[in-house]
Amino acid sequence: MSDKYLWFKGIPLPAVDFIPELLREEWENFVFKDEDVLIVAFPKSGTNWLIEILCLIRSKGDPKWIQSVPIWERSPWVEAEYGYNILKDKEGPRLITTHLPIQLIPKSLFSSKTKLIYLIRNPRDILVSGYFFWSISKFVKKPESMEEYFEWFIQGNVPYGSWFDHIHGWMSMKGKENFLILSYEELKRDTRSTVEKICQFLGKKLEPEELNSLLKNSSFQVMKENKMSNYSLPHGQYLDEKNGSFMRKGISGDWKNHFTAAQAEAFDKIFQEKMADVPRELFPWE
Ligand SMILES: Nc1ncnc2c1ncn2[C@@H]1O[C@H](COP(=O)(O)O)[C@@H](OP(=O)(O)O)[C@H]1O
Ligand SMILES: CCc1ccc(OS(=O)(=O)O)cc1
């Protein structure tokens with residue numbers, strides 16, 4: 001399996017399951033429907049946690065679906081060939097996932113009423129999570145050290161490109177009524193209230209026992225043991241599981257255990273410079 005990226009319109013994408021012609025065809029012709037729900041996140045922001053929660057909202061807390069169907073089939077990645085093939089023939093309301101920057105998402109999104117949830121996370125934690133994840137992945141360029149990955153992240157030379165550009169792009173949707181911004185940090189701090197906020201956005205209501213079941217079944221520990229959600233199903237095809245796992249720590253602030261003082265200072269400076277135009281209150285970790 002290649003350890004290079006597929007560069008598409010200036011963005012480095014994982015070198016598996018991505019086809020430039022298909023990405024072009026999708027951008028032009030994939031039709032988002034008003035009843036779809038789209039999860040958007042930069043990789044390692046907690047995307048799969050949010051998918052699990054949305055699946056459990058849809059099933060009213062019943063874990064049968066999440067225990068019997070792989071997570072990438074329940075809410076397929078629209079940009080991947082595998083995901084696109086599932087989505088294009090699917091009837092009724094779809095759950096759809098993407099890591100794409102806004103300029104690469106199929107253009108029909110902007111004329112639809114698709115509900116879109118944009119999940120953000122402290123980029124320092126995304127960087128650390130990405131370093132460990134891509135180090136065990138068999139489908140992207142592997143960093144040799146945290147120092148090296150730190151530089152790549154700042155330069156946007158990581159899967160799906162620059163976190164800073166991703167945020168700037170998608171934040172342009174802020175204020176639209178079909179756009180909800182959530183953070184990994186608020187999900188961690190108060191999962192129950194954040195799930196209630198999601199339900200309100202989606203126009204769904206869960207009974208107390210349904211919500212309790214959702215919270216239990218989407219918890220880090222239960223997801224880590226669910227083979228339909230913990231990425232153990234491809235049996236080492238994509239991940240070198242001897243050296244780590246997809247469900248790594250599931251906490252906020254782990255960057256403090258991995259950044260040097262100099263890296264922390266350098267990151268603060270870059271963050272201030274690159275995000276000066278985005279209101280601070282959008283970032284609960286700052
Ligand atoms: N139920 C859950 N609760 C908290 N964190 C979770 C979670 N499920 C996945 N995660 C964390 O989300 C990150 C993966 O994000 P993504 O789905 O976007 O790839 C990993 O972070 P860590 O590597 O910091 O542990 C993973 O552990
Ligand atoms: C197929 C696109 C894809 C799916 C899952 C990935 O991992 S993660 O969600 O970023 O952890 C990466 C790319």
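It should be emphasised that the depicted structure is a prediction, and the values quoted were computed from it without experimental measurement.

How each quantity is defined
- Residues numbered from 1 in each chain as written.
- Chains lettered and ligands numbered in written order.
- Predicted model: local features only at pLDDT ≥ 70, side-chain atom pairs only at ≥ 80, totals over all residues.
- Heavy atoms only, no water.
- Helix = DSSP H or I, 4+ residues; strand = E, 2+ residues; numbered from the N terminus.
- Buried < 20%, exposed > 50% of the residue type's maximum accessible area, 1.4 Å probe, protein only.
- Contact = heavy atoms within 4.5 Å.
- Areas by Shrake-Rupley, 256 points an atom, 1.4 Å probe, with all protein chains shown as cover.
- Pairing = 2+ DSSP bridges.
- Axes fitted to C-alpha atoms, helices over the stretch in contact; angles between N-to-C directions.
- Near = heavy atom within 4 Å.
- Polar contact = N/O pair within 3.5 Å; in protein donor to acceptor, adjacent residues only side chain to side chain.
- 1 Å grid on protein atoms, 1.4 Å probe; cavity = no way out; pocket = protein on both sides within 12 Å on 5 of 7 lines; lining within 4 Å.
- Sits in = over half its atoms within 2 Å of the grid points.
- Nonpolar A, V, L, I, M, F, W, Y, C, P; charged D, E, K, R; others polar.
- UniProt positions renumbered as here; feature names shortened; annotations may be inferred.
- Points joined across faces, edges and corners; volume = space filled by probe spheres on them.

S.K.: Just checking my understanding: could you explain the overall build of the protein chain for this structure?
M.R.: In terms of regular secondary structure, the protein chain is built from 13 helices and 6 strands. Along the three orthogonal principal directions, the C-alpha set of the protein chain runs to about 50 × 40 × 40 Å. Counting all 286 residues of the protein chain, 57% fall into the buried class. Contacts in the protein chain between residues at least 24 apart in sequence constitute 71% of all its contacts with a sequence separation of at least 6. As displayed, the protein chain has an accessible area near 13000 Å², and 52% of this comes from carbon and sulfur atoms.

S.K.: Could you clarify how one ought to interpret the pairing of strand E6 (residues 179-183) in this entry?
M.R.: Each regular strand shows side chains that alternate between the opposite faces of the sheet. For E6, a buried count of 5 out of 5 residues is recorded, marking the element as mostly surrounded by other parts of the structure. Every second residue of E6 is oriented toward a common face, with Phe179, Ile181 and Ser183 on one face and Leu180 and Leu182 on the other, all of them buried. The sheet contact formed by strand E5 (residues 115-120) and E6 spans 5 bridges and is parallel. Looking at the pairing, Ile120 lines up with Ser183 of E6.

S.K.: Which parts of the structure should I look at to understand the sheet that holds strand E4 (residues 95-98)?
M.R.: Within a sheet, adjacent strands bond to each other through the backbone by hydrogen bonds, running parallel or antiparallel. One open sheet accounts for 4 strands, arranged E4-E3-E5-E6; its pairing is parallel. Two strands lie at the open edges of the sheet, namely E4 and E6, each paired on one side alone. Taken pair by pair, the neighbouring strands of this sheet meet at an average axis angle of 20°, ignoring direction. Bridging between strand E3 (residues 37-41) and E5 involves 5 bridges; their strand directions are parallel.

S.K.: It is not clear to me how unusual backbone geometry should be interpreted in this structure. Could you clarify?
M.R.: A negative phi angle is the norm for most residues apart from glycine, just as the trans form is the norm for most peptide bonds. In this structure, Lys44 is a non-glycine residue whose phi angle is positive, near 80°. Relative to the assigned elements, Lys44 resides in the loop between E3 and helix H2 (47-58). Given the relative accessible area of 12%, Lys44 is considered buried. Not every positive phi belongs to a glycine, and Tyr231 is a case in point at roughly 65°.

S.K.: Explanation requested: the site of ligand 1 in the structure shown.
M.R.: Around ligand 1, the structure places 18 residues, and the nearest of them are Thr47, Asn48, Ser129, Lys249 and Gly250. Interatomic distance of 2.5 Å between a side-chain N/O atom of Thr47 and an oxygen atom of ligand 1. Note that an oxygen atom of ligand 1 is positioned 2.7 Å from one of the side-chain N or O atoms of Asn48. In the complex, 98% of the free accessible area of ligand 1, which totals 570 Å², lies under the protein chains. According to the grid-proximity analysis, the pocket containing ligand 1 is the largest pocket. Of all the elements in the fold, those that place two or more residues in the shell around ligand 1 are H2 and helix H12 (220-225). In terms of residues, the shell around ligand 1 owes the most to one element, H2, which gives 3 residues. Residue composition of the shell around ligand 1, grouped by class: 6 nonpolar, 8 polar and 4 charged.

S.K.: Looking at this model, I keep getting lost on the side chain of Ser108. Mind explaining?
M.R.: Along the chain, the position of Ser108 falls in the loop between E4 and E5. Leave out the neighbours within four places in its chain, and Ser108 touches Phe30, Val31 and Phe32.

S.K.: Got a minute to help me understand the site of ligand 2 in this structure?
M.R.: In the region of ligand 2, the neighbouring residues are Phe18, Pro43, Lys44, Asn48, Trp77, Ala80, His99, Phe133, Trp134, Tyr160 and Phe246. At a separation of 3.0 Å, an oxygen atom of ligand 2 approaches a polar side-chain atom of Lys44. At a separation of 3.0 Å, an oxygen atom of ligand 2 approaches a polar side-chain atom of His99. In isolation ligand 2 offers 350 Å² of accessible surface; the protein chains occlude 89% of this area. Here ligand 2 occupies the largest pocket.

S.K.: Please clarify how the UniProt feature "domain: Sulfotransferase" (unreviewed entry) in the protein chain should be interpreted in this entry.
M.R.: Under the present numbering, the feature "domain: Sulfotransferase" (unreviewed entry) in UniProt falls on residues 34-278. Strand forms 8% of residues 34-278 and helix 45%; the C-alpha atoms that close the span are 29 Å apart.

S.K.: Just checking my understanding: could you explain the layout of surface pockets for this structure?
M.R.: Empty pockets left among the atoms are what a rolling probe the size of a water molecule brings to light. Volume-wise, the largest pocket comes out at about 1100 Å³. What lines the largest pocket is a set of 46 residues, among which Asn48, Trp77, Phe133, Tyr231 and Phe246 lie closest to the centre. Broken down by secondary-structure element, the contributors of at least two residues to the lining of the largest pocket are H2, helix H5 (81-88), helix H6 (123-136), helix H9 (184-189) and H12. Residue composition of the lining of the largest pocket, by class: 25 nonpolar, 13 polar and 8 charged. Considering only enclosed or pocket space, the second largest pocket measures out at about 160 Å³ in volume. Forming the boundary of the second largest pocket are Asp34, Glu35, Asp36, Val37, Leu54, Ile57, Arg58, Pro93, Leu95, Lys115, Leu202 and Lys204. With 3 residues, the single largest contributor to the lining of the second largest pocket is H2.

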